Structures are given as structure tokens and as C-alpha cells.
Amino acid sequence: MGISLSVKIGKLSLKNPVLVASGTFGYGEEYKGLVDINKLGAIITKTITLKPKAGNKPPRIAETPQGMLNSIGLENCGSETFIKEKLSFLKTLKTAFIVSIAGYTKEEFSKLAKRLEDEGVKAVELNISCPNIEYRKGKLNFSQDAKSTYAVVRQVKKSTRLTIITKLSPNVTDISEIAKAAEEAGSDALSLINTLLGMAVNISTRTPLLGNITGGLSGPAVKPVALRMIWEAYNSVKIPLVGMGGIMDASDAIEFIISGAAAIGIGTANFINPEASLEIIGGIKKYMKENKIKNVKSLIGTLKCPTRN
Amino acid sequence: MKKAKIKILSNYSLKKPYHKLSAYSDYISKLAKPGQFVHIKCSDNNTPLLRRPFSIYSVSKEKGTFEILYEVLGEGTKLLSQKKRENFLDIIGPIGSGFSYNVPFANSHLPILVAGGIGVAPLVFLAERLAKSKIPACQGKAAGRKNQKSKILVLIGTKTKSLILCKHEFKKLGCDVKIATEDGSLGFRGIVTDLLRKELITHNSSLITGIYSCGPRPMLQEVSKIAKQHKIKCQVSLEELIACGVGVCLGCAVNTKSGYKLVCKDGPVFNSDEIIWG
Ligand SMILES: Cc1cc2nc3c(=O)[nH]c(=O)nc-3n(C[C@H](O)[C@H](O)[C@H](O)COP(=O)(O)OP(=O)(O)OC[C@H]3O[C@@H](n4cnc5c(N)ncnc54)[C@H](O)[C@@H]3O)c2cc1C
Ligand SMILES: Cc1cc2nc3c(=O)[nH]c(=O)nc-3n(C[C@H](O)[C@H](O)[C@H](O)COP(=O)(O)O)c2cc1C
């Protein structure tokens, strides 16, 4: 039985729905010897900003039950070094790549997106949801506010023809409101979730474990939250969703697809098993064969819900 | 660097709380350099979630094996200590930059290795490679004892005598080993950095080819300060929590004079004058 794994995200055709999440796979090249990168659906690169960013004070990570906190703070080499040193490798790949970008203003987002479009990039992920940087003094990050979400996406949409994936924060009251704002502004797809804001304390020194005090939680611990948010977003928008948050194996990935994800992102699992994403592709295929599903698209959002009281 | 599931040859307790594990890996035994580490998945599930880093303590190219020496601290090392001969070990390695020691040095020259506790692990491997780099007196008994001055000086510090590791391994390699215990149960009474200070009074620092050190961060900071005062080049092996081990998560950052560097990719060994200890 021929099995079709291909999915479409905006103008991007992906050979399979398994992506690697931003910040967990570098710029691809780092995993060259460890993973057959060309087998992935796509790579989402570490978030870049216009200017280089040094990142936050160490310690930057802490392990928590079934998860990890990070407060990297978007350390990156900046757009020009990215274009000079990282882009050529990504272009040699026989798989799609999506460049994750962030800015402090909507204008920075569109300037960066335009610069990348000029360099031949086809798709961007708008990271409007990093919990580890202050986008605007004392204010929430863009994705915690529907109007700001709309404004950033709209600005990039107006100034480029790129495929736009908007990455949403789970640290919100109502994800469907934010998802709708991004869709209305012209986002081609949404990815969620970014990390959940959290912290951990050393009780003998009474100090936070992270240098930045708070950080973003990822890994298996966040999966139920991520899954719930995918389902809520699926019920409120029509654009495809890239589901992520705690996916460790194929069964996790299939839960996301059933709950409405058109594609899924592997994050923290890469650190534990660099080949996790390839194993997940194999596992999805196996599940489809066993369940006589020819096309992965026909699995998306097939959750059979009991009626709630 | 590769990821592999390899077979355990042996894994046993040396003395509480230390264990030694040997495993088969032709690849690591041939490629590993002193100071590099392997990243081990200690659990078979998500608890603990992340891999744990361990310095390579010795390799045997003939047998195609390598060893690590580890202290049982928390859940990860506890699970590691329960693994048995013939069990499989999920590793990524060898990782990191390692010590640079290839500078050819004259017979009279003296490298000093300073270890705190389990910090001996990478230094045994280093001492072995240094001993092989043709300093006659460092080749142990076989080479005779003509040039006593050219020994490798090893300083090991622990809280008490029973926690001292690898004294005999270093001696077998022809090293001059001195011990510091905080309770004075063996050797110098006090901390290893005070022993280092004392040794530097009797040795001509212009002959010292370098200080190589591994141990807790406060100790390394002090070693680095002493090295600077004596104008001796010094390399330290630093620890931070390491998630990916391949340089993508940017989690194991240390602050240096040229910005944040990664323990897993740029280190774990750094020139001590590069580090902003803060
Ligand atoms: C490059 C590198 C090489 C290393 N080589 C060795 C080695 O050869 N032998 C060895 O025994 N250990 C080594 N370590 C330290 C070792 O990785 C940790 O002890 C181990 O990860 C602890 O795991 P655990 O799950 O048992 O303990 P956890 O449950 O993670 O921790 C138990 C306790 O130890 C503390 N702890 C954890 N990790 C560290 C650390 N890196 N430094 C200081 N305190 C820590 C925790 O805060 C906690 O209080 C190395 C670390 C690095 C970064
Ligand atoms: C160390 C680390 C760094 C991350 N960096 C970024 C980043 O630069 N940009 C971004 O959009 N998300 C970043 N993320 C979030 C992940 O892309 C992902 O959304 C999140 O970790 C949830 O997935 P997971 O549980 O599978 O890791 C990072 C996550 C981790 C753990």
C-alpha cells in the first residue's frame, strides 16, 4: 500500500509532516554527522534577530520532572552572519527549511523577513513568543496580545511573499483569540506551543536555578498543555497547525495530528535522541499501515469527541 | 562524534561514592583526546530526561574500550551505577575540545596537574598521553630514573583520605603525586590550591609548561588566579549542565572575555585567563 506523508504549509510542500523545532536543531549543520537531515520534513532554524544577541546569563538550563527549563535568551549570530555563514548549507539540503526570526518591533520583523526573502529564503517562522527576552520594557511578548500578534503578522505579510508561520505562546488566557488574530493578519500557518514560563529554586541556597530567574519549560511535561492548545486552535482557525511541545515518539506525534496538527515539531527530544524525528517518521508510517490510512492528511483533526455536558 | 549503543564490559564500585565503567567502542578508543567527554543516556525513560556528561578517563586502542570514572550523585548516576556487564549504553561522543598539550617540551620541563575529587578522571588520561610524549623520567621505571626533574607533578585534593582516587594510576605513569586532604588524614593538610601555592615556591615557574586542572568551579577559579600570579599557562575543564552536547541548545554557556562560549563545543577545556569567573 502506497503511503503519502506529504503535507503543505503555505507555499511549502513538505515530504513528511515531521519538523525539528526552532532552537533545538541549530542551523542544521551541527547535526550533519548524527542525523540524515534530508529525511526530515523541514528544519526550523534557531531564531535569528537583525543584530547578534549575546543571550542570557548562565546557568541557562535546569532539569525538572519530565522536562527542562531554558533561559537561553535568543543568543544568535545576527542576520548578516546567518546569511553569510549558515544559509548556504541550508540551501544545499534536499529538504525544506524555515528561518525563525524575531524582532523588538513589527518593523524589525518585516525588515528581517524582507532581507531573507532577497536571499532566497522561502519561509519564515515569526517567533513572537520567546519567554526569555523582553520585547518591550515591562510589556508582554507580542503573542500574548491579539492586537500585537495581528500587527506583526500583518506587517510581514504586507512586505513579503514568504510563507509565514506564526509561533504562538502557551502563556495566554485564550489561545483561540490569538490564533484567529494571526490568521486574520494573513499567517499561512501557526506553530505552537513555544515554552511555558516557569522557574525552579535551589532550596539550600534559596536561589533560582536559572541565571535569568525564569525560563521556558519544554519536554514531556508540557505535552498535555500543548495538545489541548492545538485542539483549541484547530477548532478556531482554518490554516494548518504545526504542533509541538513534549513530543518524544510517534505515538505523541500521532496524538497531535489527531487533535488537529497538520505537521509536528520535535524539540527537546533532539537533545536526548538526535534521531528522534527520523524514528517518529517511521512510527507514523507504521501506524498508518496498521490503520490502513493512505494519506496522512486524512488523519488530521480526526479526534472523536464525546459531547460535553 | 557519533551516537551509538555500545556494550558494557564492566561497571563496579571503586569505593563509595565512586564507580568505574568500561565499555566497548572502537571509535571512541581511537578518536578520544584527554579532556573530551561522552554524553550518556542513563535512564531508559524520561526520568531523568537529559543525558549526563562524563569525561573519558582512559582508553585502550588494543581492546577497543574506554572507561569513565563517576561519582554517584543523583538519579542519573544512580541508574548508571545499576547497569551491568553486557547491558547496552546509549552514548554520544567523543565530545568537546580537550586539553591542548602537544607543545613539545624539554626534559627539564614540568607540567602540573591539579585535581579536585572526581576531577582526576580526565587528568589520568592526560597524564598518560603526556607521559608518552617522550619525557624520559615520565615513562616510569622502564625508562630509568635519570632525570627526576622532568616528572609530571600531580596534586590531588579531597576532603579526606578515603576519597582519594587514582593515586596509583598516576604513580604507575611515573608522575610525582602529592595529596592534600582537608582533614589532614593524608599528605598536606588543607585544600589543594594551598598545596599548589606551596609547590610553586619550590619549583622554578619558568620551567612549568602548564597547569591542567579539573574540579569544582571555586577550586578552578583559585587555580586560575595562582597560575596568573606565577605567569603560568593554565587550562581548566569546566562543568555546566549540558543538554544537547552538540552545540545547538546553547544551554551550557560560560562567560569569557570573547563572549559566551559553550562547554560542550568550545570546551569543556578552556584557557583559564579566558574565563570571566564573576
Ligand atoms: C564536561 C563534563 C564532564 C564531567 N565528567 C564527569 C566525570 O568524569 N565523572 C563524574 O562523576 N562527573 C562528571 N561530570 C559531572 C556529571 O555530569 C554530573 O555529576 C551528573 O550529571 C550528575 O547527574 P545525576 O543525575 O546523578 O545528578 P543530578 O540529579 O543531576 O544532580 C545531583 C546533584 O548534583 C548536582 N550536579 C549535577 N550536575 C552537576 C555538575 N555538572 N556539576 C556540579 N554539580 C552538579 C546537582 O545540582 C544536584 O545537587 C562532568 C560534567 C561535565 C559538564
Ligand atoms: C533550549 C531551547 C531553545 C529554544 N529556542 C527557541 C528559539 O530560539 N525560538 C523558538 O521559537 N523556540 C525556541 N524553543 C522552543 C521550541 O522550539 C519548542 O517550541 C518548545 O521547546 C516545545 O517543544 P518541545 O517540548 O518538544 O521542546 C527552544 C526550546 C529549547 C528547549
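Note that the structure is predicted; figures quoted are calculated from it, not measured. (Residues numbered from 1 in each chain as written. Chains lettered and ligands numbered in written order. Predicted model: local features only at pLDDT ≥ 70, side-chain atom pairs only at ≥ 80, totals over all residues. Heavy atoms only, no water.)

Student: Whenever I open this one, the site of ligand 2 confuses me. Can you help?
Tutor: Near ligand 2 lie 23 residues; those nearest to it are S22(A), T47(A), K167(A), G246(A) and T268(A). Nearby residues around ligand 2 are contributed by chains A and B. Here S22(A) contributes a backbone N or O atom positioned 2.7 Å from an oxygen atom of ligand 2. In this structure, G219(A) approaches ligand 2 through a main-chain N or O atom, which is 2.8 Å from an oxygen atom. A total of 610 Å² of accessible area belongs to ligand 2 in isolation, and the protein chains cover 98% of it. Residues belonging to the shell around ligand 2 are distributed by class as follows: eight nonpolar, 13 polar and two charged. (Near = heavy atom within 4 Å. Polar contact = N/O pair within 3.5 Å; in protein donor to acceptor, adjacent residues only side chain to side chain. Areas by Shrake-Rupley, 256 points an atom, 1.4 Å probe, with all protein chains shown as cover. Nonpolar A, V, L, I, M, F, W, Y, C, P; charged D, E, K, R; others polar.)

Student: What exactly am I supposed to notice about helix α3 (residues 120–132) of chain B here?
Tutor: Counting along an α-helix, one turn takes 3.6 residues, and residues three or four places apart therefore face a common direction. Residues and elements named next belong to chain B. Over its 13 residues, α3 runs 18 Å from end to end, which matches the ideal 18 Å to within 8%, given 1.5 Å per residue. In terms of burial, α3 is largely enclosed, as 12 of its 13 residues are buried. What α3 keeps buried is the set V120, A121, P122, L123, V124, F125, L126, A127, E128, R129, L130 and A131. (Helix = DSSP H or I, 4+ residues; strand = E, 2+ residues; numbered from the N terminus. Expected span 1.5 Å × (residues − 1). Buried < 20%, exposed > 50% of the residue type's maximum accessible area, 1.4 Å probe, protein only.)

Student: Whenever I open this one, the site of ligand 1 confuses me. Can you help?
Tutor: Residue and element names in this part refer to chain B. Residues in contact with ligand 1 amount to 20 residues; listed here are only the nearest, R52, P53, G76, T77 and E239. The separation between an oxygen atom of ligand 1 and a polar side-chain atom of R52 is 2.7 Å. The separation between an oxygen atom of ligand 1 and a polar main-chain atom of G76 is 2.7 Å. When isolated, ligand 1 has an accessible area of 880 Å², and the protein chains bury 72% of it. Of all the cavities here, the one that holds ligand 1 is the largest pocket. Contributions of two or more residues to the shell around ligand 1 are made by β4 (52–55), β6 (65–71) and α2 (75–81). At four residues, β4 tops the list of elements feeding residues into the shell around ligand 1. The residue makeup of the shell around ligand 1, split by class, is 11 nonpolar, four polar and five charged. Taken domain by domain, the shell around ligand 1 gets at least three of its residues from each of domain 1 (2–95) and domain 2 (110–138 + 145–239). (1 Å grid on protein atoms, 1.4 Å probe; cavity = no way out; pocket = protein on both sides within 12 Å on 5 of 7 lines; lining within 4 Å. Sits in = over half its atoms within 2 Å of the grid points. Domains from an automatic or database assignment.)

Student: Where do I start with empty space enclosed by the protein in this structure?
Tutor: To find leftover empty space, one rolls a probe the size of a water molecule over the atoms. All names here are of chain A. Inspection of every chain in the model, using the stated rule, returns one cavity of 30 Å³ or more. In this structure, the largest cavity spans a volume of roughly 480 Å³. Lining the largest cavity we find 38 residues, and of these S22, T24, N70, N194 and T195 sit closest to its centre. By residue class, the composition of the lining of the largest cavity is 17 nonpolar, 18 polar and three charged. (Points joined across faces, edges and corners; volume = space filled by probe spheres on them.)

Student: Sorry if this is basic, but what is going on with helix α2 (residues 106–118) of chain A here?
Tutor: Residue and element names in this part refer to chain A. Compared with the 18 Å implied by 1.5 Å per residue over 13 residues, the 19 Å span of α2 between its first and last C-alpha is a close match. Of all the residues in α2, the buried ones are F109, S110, L112, A113 and L116. With its buried residues spanning 165 degrees around the axis, α2 presents them on a single face. Exposed and oriented more than 90 degrees from the buried face of α2 are K111 and D118. Taken together, the buried residues of α2 touch α1 (79–92), β7 (96–101), β8 (123–127) and α3 (146–159). Where α2 terminates, the next one or two residues include G120, which has phi positive at roughly 95 degrees. (Arc of directions from axis to C-beta. Contact = heavy atoms within 4.5 Å.)

Student: Help me understand the packing of helix α5 (residues 223–234) of chain A against helix α6 (residues 250–258) of chain A in this model?
Tutor: In a packed pair of helices, the relevant descriptors are the angle between the two axes and the axis-to-axis distance. Residue and element names in this part refer to chain A. Contact geometry of α5 with α6 gives a least axis separation of 9 Å together with a crossing angle of 25 degrees. Relative to α6, the element α5 lies roughly parallel. Contact residues: α5 offers K223, A226, L227 and I230, while α6 offers D252, E255 and F256. (Axes fitted to C-alpha atoms, helices over the stretch in contact; angles between N-to-C directions. Parallel < 35°, antiparallel > 145°, perpendicular 65-115°, else oblique.)

Student: How should I be thinking about the domain arrangement of chain B in this particular structure?
Tutor: Accessible area lost when the parts come together is the quantity often used to give the size of an interface. Residue and element names in this part refer to chain B. Its domain assignment divides chain B into domain 1 (2–95) and domain 2 (110–138 + 145–239). Centre-to-centre separation of domain 1 and domain 2, based on C-alpha positions: 25 Å. With 17 residues of domain 1 in contact, the opposing surface of domain 2 contributes 15 residues. Contact between domain 1 and domain 2 buries roughly 1,400 Å² in total, counting both sides, with carbon and sulfur atoms accounting for 66%. (Buried area = accessible area lost by both parts, 1.4 Å probe.)

Student: Help me understand the interface of chain B and chain A, please; the structure alone is not making it clear to me.
Tutor: Of the residues lining the interface, 25 residues belong to chain B; the matching set on chain A comes to 30 residues. Counting the surface lost from both chain B and chain A, the interface buries some 2,300 Å², and carbon and sulfur atoms represent 66% of this. Looking at the side of chain B facing chain A, the largest losses of area belong to L49(B), V248(B) and Y260(B), adding up to 28% of the total buried there. One can count one salt bridge joining chain B with chain A. For E63(A), the salt bridge goes to R52(B), with nearest N and O atoms at 2.8 Å. Taken together, the links from chain B to chain A amount to six residue pairs in polar contact (both at pLDDT 80 or more). (Salt bridge = Lys/Arg side-chain N within 4 Å of Asp/Glu carboxyl O.)

Student: What's the story with the side chain of E67(B) in this structure? I'm lost.
Tutor: Residue and element names in this part refer to chain B. Its place among the elements puts E67 in strand β6. The buried charged residue E67 lacks any salt bridge, with K20 as its nearest oppositely charged partner at 4.0 Å. Here the side chain of E67 touches S58 through a polar contact of 2.6 Å, side chain to side chain. (Lys, Arg positive; Asp, Glu negative; His and termini not counted.)

Student: Help me understand the nonpolar core in this model?
Tutor: Proteins that are soluble and globular tend to have nonpolar side chains buried together. Counting 145 residues, the largest nonpolar core has I101(A), L116(A), L126(A), L192(A), I264(A), I284(A) and I112(B) as the members making the most contacts within it. The leading source of residues in this core is helix α8 (residues 276–290) of chain A, at six residues. Both domains that meet at this core, namely domain 1 (2–95) and domain 2 (110–138 + 145–239) of chain B, each give it at least three residues. Among all residues touching L116(A), those that are not within four sequence positions of it are I48(A), F82(A), I83(A), V99(A), I101(A), V121(A) and V124(A). (Core = buried A, V, L, I, M, F, W, Y, C linked by side-chain atoms within 4.5 Å.)

Student: Teacher, can you tell me more about unusual backbone geometry here?
Tutor: Following G93(B), the chain continues into P94(B) via a peptide bond in cis, with omega recorded as -10 degrees. Structurally, the position occupied by P94(B) is in strand β7 (residues 88–95). Cis geometry marks the peptide bond from G267(B) to P268(B), where omega comes out at 10 degrees. The topology assignment puts P268(B) in the loop between β15 (259–262) and β16 (269–271). For Q66(A), which is not glycine, the phi dihedral falls at a positive 55 degrees. In this structure Q66(A) comes out as partly exposed when scored by relative accessible area, which is 32%. In the Ramachandran plot, K231(B) falls in the positive-phi region, its phi being about 55 degrees despite a non-glycine side chain.

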